[in-house]
Amino acid sequence: MAKKTVSLPVLLLIVCGNCVSALAQVCRLLSQPALPLLSAERDINIGAIFSIHISALLKMHSFSFKPEPTACISLSLREFKFAQTLIFAIEEINNNTQLLPGVSLGYKIYDSCGSIAQAIFSGMALMNGYEKTLSDTSCSRPPAVNAIVGESNSSPTIALASIAGPFSLPVISHFATCACLSNRKRFASFFRTIPSDYYQSRALAQLVKHFGWTWVGTVRSRSDYGNNGIATFEEAAKKEGICIEYSEAILRTDPQDQFLKTVEVIKKGTARVVLAFVALRDFYPLLKEIAQHNITGLQWVGSESWITSRTVAETKEYGFLSGAVGFSIANVKLVGLQDFLVNVHPDHEPKNTLLKEFWETTFQCSFSNSGSVGCTGSEKLADLQNEYTDASELRIANKVYTAVYAVAHTLHNVFQDFKSSNSSKLKQPTPQTVLNYMKNVRFTVKTGEEIFFDASGDPVARYDLVNWQLSGDRSLQFKHVGIYDSSLPSEKCLQVNQEHVLWADNSRQLPVSVCSESCPHGTRKAVQKGRPVCCYDCIPCADGEISNNTDSSDCSPCDVEYWSNERKEKCVLKVIEFLSYTEIMGMVLCIFSFIGLLLTAMVSFLFYLHKETPIVRANNSELSFLLLFSLSLCFLCSLTFIGRPTVWSCMLRHTAFGITFVLCISCVLGKTIVVLMAFRATLPGSNVMKWFGPTQQRLSVVFLTLIQVIICVVWLTVSPPFPYKNLSYYREKTILECNLGSALGFWAVLGYTGLLSVLCFILAFLARKLPDNFNEAKFITFSMLIFCAVWLTFIPAYVSSPGKFTVAVEIFAILSSSFGLLFCIFAPKCYIILLKPEKNTKKQMMGKSSSKTL
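These figures come from a predicted structure and were not determined experimentally. (Residues numbered from 1 in each chain as written. Predicted model: local features only at pLDDT ≥ 70, side-chain atom pairs only at ≥ 80, totals over all residues. Heavy atoms only, no water.)

**Examining the overall build of the protein**
Inference 1: A tally of regular secondary structure across the protein gives 21 helices and 30 strands.
Inference 2: By the burial criterion, 51% of the 854 residues in the protein qualify as buried.
Inference 3: Carbon and sulfur atoms form 58% of the exposed surface of the protein, whose accessible area is close to 39,700 Å². (Helix = DSSP H or I, 4+ residues; strand = E, 2+ residues; numbered from the N terminus. Buried < 20%, exposed > 50% of the residue type's maximum accessible area, 1.4 Å probe, protein only. Areas by Shrake-Rupley, 256 points an atom, 1.4 Å probe, with all protein chains shown as cover.)

**A word on the sheet that holds strand β28 (residues 575–577)**
Inference 1: Judged by pairing direction, the sheet is mixed, and its three strands sit side by side in the order β28-β30-β29 without closing on themselves. Only two strands of the sheet have a single partner each, and these edge strands are β28 and β29 (722–726). When strand polarity is set aside, the average angle formed by the axes of neighbouring strands in this sheet is 30°.
Inference 2: As defined by bridge partners, β28 adjoins strand β30 (residues 733–739) across three bridges and the pair is classed as parallel. (Pairing = 2+ DSSP bridges. Axes fitted to C-alpha atoms, helices over the stretch in contact; angles between N-to-C directions.)

**Brief notes about the side chain of Ser 328**
Inference 1: Within the secondary structure, Ser 328 sits in strand β16 (residues 325–329).
Inference 2: A distance of 3.0 Å separates a polar atom in the side chain of Ser 328 from a polar atom in the side chain of Arg 395. (Polar contact = N/O pair within 3.5 Å; in protein donor to acceptor, adjacent residues only side chain to side chain.)

**Here we look at the pattern of salt bridges**
Inference 1: In total, this model carries 23 salt bridges according to the counting rule given.
Inference 2: In this structure, the salt-bridge partner of Lys 446 is Glu 92, at a minimum N-O distance of 2.6 Å. Here Lys 446, found in the loop between β17 (442–444) and β18 (450–452), pairs with Glu 92, found in helix α1 (residues 77–94); they are 354 residues apart in sequence, far enough to count as distant.
Inference 3: Overall, the relative accessible area of 45% leaves Lys 446 in the partly exposed class.
Inference 4: Between Arg 310 and Glu 314 there is a salt bridge whose closest N-O contact spans 3.8 Å.
Inference 5: For Arg 310, a relative accessible area of 11% gives the class buried.
Inference 6: Overall, the relative accessible area of 49% leaves Glu 314 in the partly exposed class.
Inference 7: If you follow the salt bridges from partner to partner, you end up with Arg 310, Glu 314, Asp 390, Glu 393, Arg 395 and Asp 464 in one network. (Salt bridge = Lys/Arg side-chain N within 4 Å of Asp/Glu carboxyl O.)

**Examining the pairing of strand β7 (residues 105–111)**
Inference 1: Within β7, seven of the seven residues are buried, which leaves it mostly tucked inside the rest of the structure.
Inference 2: Side chains of β7 alternate between two faces, with Leu 105, Tyr 107, Ile 109 and Asp 111 and Gly 106, Lys 108 and Tyr 110 buried alike.
Inference 3: Relative to β7, strand β3 (residues 38–40) is paired through three bridges, and the arrangement is antiparallel. Across the sheet, the residue bridging to Ser 39 is Lys 108, located in β7.

**Notes on the sheet that holds strand β15 (residues 299–302)**
Inference 1: Overall, mixed pairing links the eight strands, which are arranged β13-β12-β14-β15-β16-β19-β20-β21 in an open sheet. Looking at the sheet topology across the chains shown, the edges are occupied by β13 (243–250) and β21 (494–496). The mean inter-strand angle of the sheet, taken between neighbouring strand axes irrespective of direction, is 30°.
Inference 2: Looking at chain direction, strand β14 (residues 273–277) and β15 are connected through four bridges and run parallel. The residue of β15 that forms the bridge with Val 273 is Gln 299.

**Remarks on helix α7 (residues 280–292)**
Two residues of an α-helix separated by three or four positions point the same way, owing to the 3.6 residues in each turn.
Inference 1: With 13 residues, α7 extends 19 Å between its outermost C-alpha atoms, agreeing within 8% with the 18 Å of an ideal straight helix rising 1.5 Å per residue.
Inference 2: Listing the buried residues of α7 in full gives Leu 280, Arg 281, Asp 282, Phe 283, Leu 286, Leu 287, Glu 289 and Ile 290.
Inference 3: Once α7 ends, the next one or two residues include Asn 294, with phi positive near 55°. (Expected span 1.5 Å × (residues − 1).)

**Topic: the packing of helix α2 (residues 116–128) against helix α3 (residues 154–164)**
Inference 1: Running from amino to carboxyl end, α2 crosses α3 at an angle of 35°, the nearest separation of the two axes being 9 Å. In this structure, α2 meets α3 at a crossing whose hand is right-handed. Between α2, through Ile 116, Ala 119, Ile 120, Gly 123, Met 124 and Met 127, and α3, the contact on the second element is made entirely by Ser 155, Pro 156, Ala 159, Leu 160, Ile 163 and Ala 164. (Left-handed = near helix turned anticlockwise from the far one by under 90°. Contact = heavy atoms within 4.5 Å.)

**Re unusual backbone geometry**
Inference 1: Glu 151 follows Gly 150 through a cis peptide bond whose omega is -5°.
Inference 2: Positive phi outside glycine occurs at Asn 294, with the angle close to 55°.
Inference 3: Locating Asn 294 in the fold gives a position in the loop between α7 and β15.
Inference 4: The backbone phi angle of Lys 568 is positive, close to 60°, even though this residue is not glycine.
Inference 5: Residue position: Lys 568 is located in the loop between β26 (562–564) and β27 (571–573).
Inference 6: Exposure remark for Lys 568: the relative accessible area of 15% places this residue in the buried category.

**Thoughts on the state of the cysteines**
Inference 1: Per the stated rule, a full pass over the model turns up nine disulfides.
Inference 2: A sulfur-sulfur separation of 2.3 Å characterises the disulfide bridge that pairs Cys 178 with Cys 180. Where Cys 178 bonds to Cys 180 through sulfur, the torsion about that S-S bond is close to 130°, and the disulfide is right-handed. Neither Cys 178 nor Cys 180 differs from the other in exposure class; each is buried.
Inference 3: Residue Cys 519 pairs covalently with Cys 538 via a disulfide, S to S 2.0 Å. (Disulfide = S-S within 2.5 Å.)

**Observations concerning the confidence of the model for the protein**
Inference 1: Across the protein, the average pLDDT comes to 85, with 88% of residues at or above 70.
Inference 2: Contacts of residues 1–24 to residues separated by more than four positions or lying in other chains number 46 contacts, the stretch itself having pLDDT below 50.
Inference 3: Note on residues 848–854: pLDDT under 50 across the span, and twelve contacts to partners over four residues away in sequence or across chains. (pLDDT = per-residue confidence, 0-100.)

**As for the nonpolar core**
Inference 1: If you look at the biggest cluster of nonpolar residues, it comprises 100 residues, and the most contacted ones within it are Leu 86 and Ile 109.
Inference 2: At 14 residues, helix α11 (residues 395–420) tops the list of elements feeding residues into this core.
Inference 3: Not counting residues within four places of it along the chain, the set of residues in contact with Ile 109 comprises Pro 36, Leu 37, Leu 38, Ala 48, Phe 50, Ile 52, Ala 83, Leu 86 and Ile 87.
Inference 4: Residues Phe 661, Tyr 752, Ala 764 and Phe 819 belong to the second largest nonpolar core, which totals 64 residues. (Core = buried A, V, L, I, M, F, W, Y, C linked by side-chain atoms within 4.5 Å.)

**Notes on a nonpolar patch on the surface**
Inference 1: Together, Ile 584, Met 587, Val 588, Ile 591, Phe 592 and Ile 595 make up an exposed nonpolar region whose accessible area comes to about 540 Å².
Inference 2: Tracing the chain through its elements places Ile 595 in helix α13 (residues 584–609). (Patch = residues over 30% accessible without salt bridge, like charges linked within 9 Å, V, L, I, M, F, W, Y side chains within 5 Å.)

**Side note on helix α4 (residues 197–210)**
Inference 1: The end-to-end C-alpha distance of α4, which contains 14 residues, comes to 19 Å, matching closely the 20 Å that a straight helix rising 1.5 Å per residue would cover.
Inference 2: Listed in full, the buried residues belonging to α4 are Asp 197, Gln 200, Ser 201, Arg 202, Ala 203, Leu 204, Ala 205, Leu 207 and Val 208.
Inference 3: The first or second residue beyond α4 is Gly 212, which carries a positive phi of 80°.

**A few points about the packing of aromatic side chains**
Inference 1: Inspection of the entire model under this criterion finds 33 aromatic pairs.
Inference 2: Within the aromatic cluster, the residues linked to one another by ring pairs are Phe 283, Trp 300, Trp 306, Tyr 318, Phe 320, Trp 468 and Phe 478.
Inference 3: Of note, Arg 442 hangs over the ring of Phe 452, and the distance from its end group to the ring centre comes to 4.0 Å.
Inference 4: It is Lys 733 that lies over the ring of Tyr 730; its NZ or CZ is 4.3 Å from the centre. (Phe/Tyr/Trp six-rings, centres within 6.5 Å; stacked < 30°, edge-to-face > 60°. Lys NZ or Arg CZ within 6 Å of the ring centre and 35° of its normal.)

Here it is as structure tokens:
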């Protein structure tokens, strides 16, 4: 043949004969031509490929003899219905004077027999025609059809679109949903009227998440449809936090062992929800095995390929699918279609073997004499209720109808533009022209749906959410329980009427399918080693951390002034700790403080009553009363340490403590010096008492106390104590305490007090053995010994005690040293006043004795 620009492929076994002329060469087809099963050629023809038969009997060819045509078996009523719907749509368009006026549409319908090879073979026939002889002009003529509708499955459609794309011949599918077909670089001429699985898979992931199922099993077809659909679902599920327990792949041609293996996986799985992204024909063998093994109680989620299959729904053995949910194409009502379907009859085309086969399959009869039941031709389709005659479920059939109208409106727009160019003769449009117009076609079908294609050749994704429910007569119905619309905002795409859903085993209770139960508030998830993220343990939040969400991945720490409550679900203000009057320790210390004050008052009263007695007058009674007064202040100042710290209480407690104790020690020191001076005054020629008389004693007390006052004033002026929330010592509570402000000021006050007490102790110790019947110095020694011991032990205890115990230690030191002074100095005198009045005489006081009285 002469070399020419080839616009269409020729994939036929041909042999060139003798040239009939010098310019033309004729080739004769050796194999059988691929003829359409249903056809009607008119002005403009539309091609179509359906899997009218479920499978083809493929044979191995030795290429040593002429092969027989491929035989196909098991007629599919659903696919035959699609073919008749296409014819119905074409006839409706031909009767429409508004659409393609003056142009009649024809059709050529091929059967792919569920085979990719047959789909390619049929597609080549639609592009090339099926003449037995070819000339050198055959390759330059227009294609036999202007567009191809089909195929129903994704894998054959991928093959079909691959061979049609390079020649710009539009292929528009009604049921091929694989997201891979949206790739414009690979499939430049592909369109579809059914949404891509890109949307369905994500919609299924959102649906599973909506119902709270995080642990699911999946079963898919081992084909482009199943593999791509589940891959997209798994990607979306991962983002939604859903885990896949198992993922099984099946194909209708698999051996039974493969289906048994899948059944065992499903049976042993812990997931109570199974997503079946399976082509209908691949699903049948698996359903049979599941029914035989009596596996029930699972919640099935289905893809659009089988979720509205009336054949599956009406098979009683598949009752375990009751409660299944899944997305389907929106259902519509096509006026006139049912009448058209039931009017199909073999007598309309007596030579058409497909119509006879359809009739025999539908009525289970035979036109040949070999059949057990003969077909009379008088049978009526209207009397039957099967997948073919059922007009209540036209979800996919409507997509065939829409595909035909998409081609028709595209051609209508093409011819309208041809007319505007003043072309009187009907011109056959080129495939490229039809393709370009189809990209921009936009129309509304009589069902009210607006049809257009995006840049990838896909329509807007709209799905109905259907639920399989048993009706009153125990038949399964497809209940509409929600929608998914990709054109809506993401948060509104999925809308579910959950209260209308009936779950597996006819239950109203939402099934639970999780690897691990939800972690309650106050816990966090810890993934189990070697298992998916959905399998986890619930670990309680640590102290100071909370989680107020179910299935929280982490616990959130509370703010510095807050702490977690007992259930670790919310942060509450930390317990503020300070030494309170209302707690036991505070009340005990108050009681001892008041006891000390009461005892001091009683001693003062007793001394006042016996102020003229020698034992009271001895050693300067004025200092004794001043000492008792200062002890009263010491007992009272301990009260300033109890209660909620304030600015004033913080400044008062340490300064009052420092001044009152220095006043007290000053009085004791004065009395000690008086004892020493009095002994020196009894020595011959001594005049020492005039240097330390009552006036000097008063001035010494005032001077020594004034030094402490000055220290306190400087402290309060430079850096006074202030209330402070200590958040670092305890994590779970706030210690409200008085910050010293200046630690130097505090230790200066304490150090000065300690200095005076040590000096007093030394002087008293030196005077302890003076030969008086009543030597007060030894009692002062005891009191100073107690005082020093208490305050020496106070320092480490004060530094190491936490919180309110720091305050308690300080109060204890104050009370202990005060009681020590009170008892050691005044108890012996009270004893003599009350119990030994005979010794309360000047003679007894001044007498020298070596006796160990007291």
